[in-house]
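Architecture at a glance
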Amino acid sequence: MPEISAAMEDYLKAIHRIAEATGGAATTQVLADRLRVSTASVTGMMKKLDALHLVEHQPYHGVVLTGRGEAVALEVLRHHRLLELYLVEHLGVPWDEVHAEADRLEHHISEGLEDRIAAKLGQPSHDPHGDPIPARDGSIVDIPAMPLAACAVGASARITRISDRSPGLLQYLAERGLRPGAEVTVADLDDLAGVMTVELDAKRHTLSLGVSAQIMVEA
């Protein structure tokens, strides 16, 4: 079986994340947007992944991972999220910078180093942003959650997960103490203006509904 390249792993991880978010197949255009490549590049890579039996094409819908493709994607995610947590907890790297660093390192650590990092961290279940870390067997312990934007005025909720795709957003939220584990109360909601006000430790913060949609909470 030909070796799976780092670029292939990036595609498999992206397909997994898209399926995780949408519950469906990953289309060529969505993959191109997510990975910031041309649709022609995506089409070429899908042919390679299909030849390796890592993806299956669903006519008019896109691609889904095969069992083998899913196993590879989960292993890469495990590396990525363990690295993020290690960088934050033991090297003091800000949480808005670790995503890019982990992207560069995730393809190059051995299984032995992965085990050592996991042991050093106490076999963690979630990364700094609240994303679940796949176990060695591919199982995932996730927390049922809903977007903060869907909460009603007066509702109290605990932040469980925040999108790590925007360093600027992570920095903005960290400055306000809005991290996984924080307990917030929805103080006001203005659908017309598209903003929500939340209270944390007696301080109020106004967020756009677009931002609050990227904050997952447990009510």
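For the structure given in this document, a descriptive report is provided here. (Residues numbered from 1 in each chain as written. Predicted model: local features only at pLDDT ≥ 70, side-chain atom pairs only at ≥ 80, totals over all residues. Heavy atoms only, no water.)

Brief notes about the nonpolar core
Core analysis: the largest hydrophobic core is formed by 22 residues, its most contacted members being Leu-12, Ile-15, Leu-31, Met-46 and Leu-49. Those elements giving two or more residues to this core turn out to be helix 1 (6-22), helix 2 (28-35), helix 3 (39-51), strand 2 (62-65) and helix 4 (67-91). Top element by residues in this core is helix 1. It accounts for 6 residues. Among all residues touching Met-46, those that are not within four sequence positions of it are Tyr-11, Ile-15, Leu-31, Val-55 and Val-63. In this structure, Ile-162, Ala-182, Val-186 and Met-196 belong to the second largest nonpolar core, which totals 20 residues. (Core = buried A, V, L, I, M, F, W, Y, C linked by side-chain atoms within 4.5 Å. Buried < 20%, exposed > 50% of the residue type's maximum accessible area, 1.4 Å probe, protein only. Helix = DSSP H or I, 4+ residues; strand = E, 2+ residues; numbered from the N terminus. Contact = heavy atoms within 4.5 Å.)

Some thoughts on the environment of Thr-197
Structurally, the position occupied by Thr-197 is in strand 6 (residues 195-200). For Thr-197 and Leu-207, which are 10 residues apart along the polypeptide, the C-alpha to C-alpha distance reads 6.1 Å. Among the polar contacts made by the side chain of Thr-197, one reaches the side chain of Thr-206 at a distance of 3.3 Å. (Polar contact = N/O pair within 3.5 Å; in protein donor to acceptor, adjacent residues only side chain to side chain.)

A word on unusual backbone geometry
Although it is not a glycine, His-53 adopts a positive phi angle of roughly 60°. Among the secondary structure elements, His-53 is positioned in the loop between helix 3 and strand 1 (55-58). In the Ramachandran plot, Asp-201 falls in the positive-phi region, its phi being about 50° despite a non-glycine side chain. Mapping Asp-201 onto the fold places it in the loop between strand 6 and strand 7 (203-208).

Side note on the sheet that holds strand 5 (residues 183-190)
Pairing in this open sheet of 6 strands is antiparallel, and the strands run 3-8-4-5-6-7 from one edge to the other. Either end of the sheet is taken by a strand with one partner, and the two such strands are strand 3 (146-147) and strand 7. Bridging between strand 4 (residues 156-162) and strand 5 involves 3 bridges; their strand directions are antiparallel. Note on strand 5: the bridge partner recorded for Arg-158 is Glu-183. Strands in contact with helix 7 (residues 167-175) are strand 4, strand 7 and strand 8 (215-218); relative to strand 7, the strand with the most contacts, it is inclined by about 160°. (Pairing = 2+ DSSP bridges. Axes fitted to C-alpha atoms, helices over the stretch in contact; angles between N-to-C directions.)

What about the packing of aromatic side chains?
Within this structure, the stated rule accounts for 0 aromatic pairs. Its guanidinium or amino end placed over the ring of Tyr-172, Arg-176 lies 3.6 Å from that ring's centre, counting from NZ or CZ. Above the plane of the ring of Trp-95 lies Arg-179, whose end atom (NZ or CZ) is 4.4 Å from the centre. (Phe/Tyr/Trp six-rings, centres within 6.5 Å; stacked < 30°, edge-to-face > 60°. Lys NZ or Arg CZ within 6 Å of the ring centre and 35° of its normal.)

Section: the pairing of strand 5
By the bridge criterion, 5 bridges tie strand 5 to strand 6 in an arrangement that is antiparallel. When the sheet's bridge partners are listed, Asp-188 is paired in strand 6 with Thr-197. Connecting strand 5 to the antiparallel partner strand 6 that follows it, the hairpin turn spans 4 residues, and Gly-194 within it adopts a positive phi of roughly 75°.

Points about the side chain of Glu-114
Within the secondary structure, Glu-114 is located in helix 6 (residues 111-120). On the accessibility criterion, Glu-114 (0% relative accessible area) is buried. Residues in contact with Glu-114, not counting those within four places in the same chain, are Glu-75, Arg-78, His-79, Leu-82, Ile-109 and Arg-136.

Here's the deal with the pairing of strand 8
The alternating pattern of strand 8 places Ile-215 and Val-217 on a buried face and Met-216 and Glu-218 on a face that is not buried. Two elements, strand 4 and strand 8, share 4 bridges in a ladder whose sense is antiparallel. By the bridge assignment for strand 8, Arg-161 is matched with Met-216.

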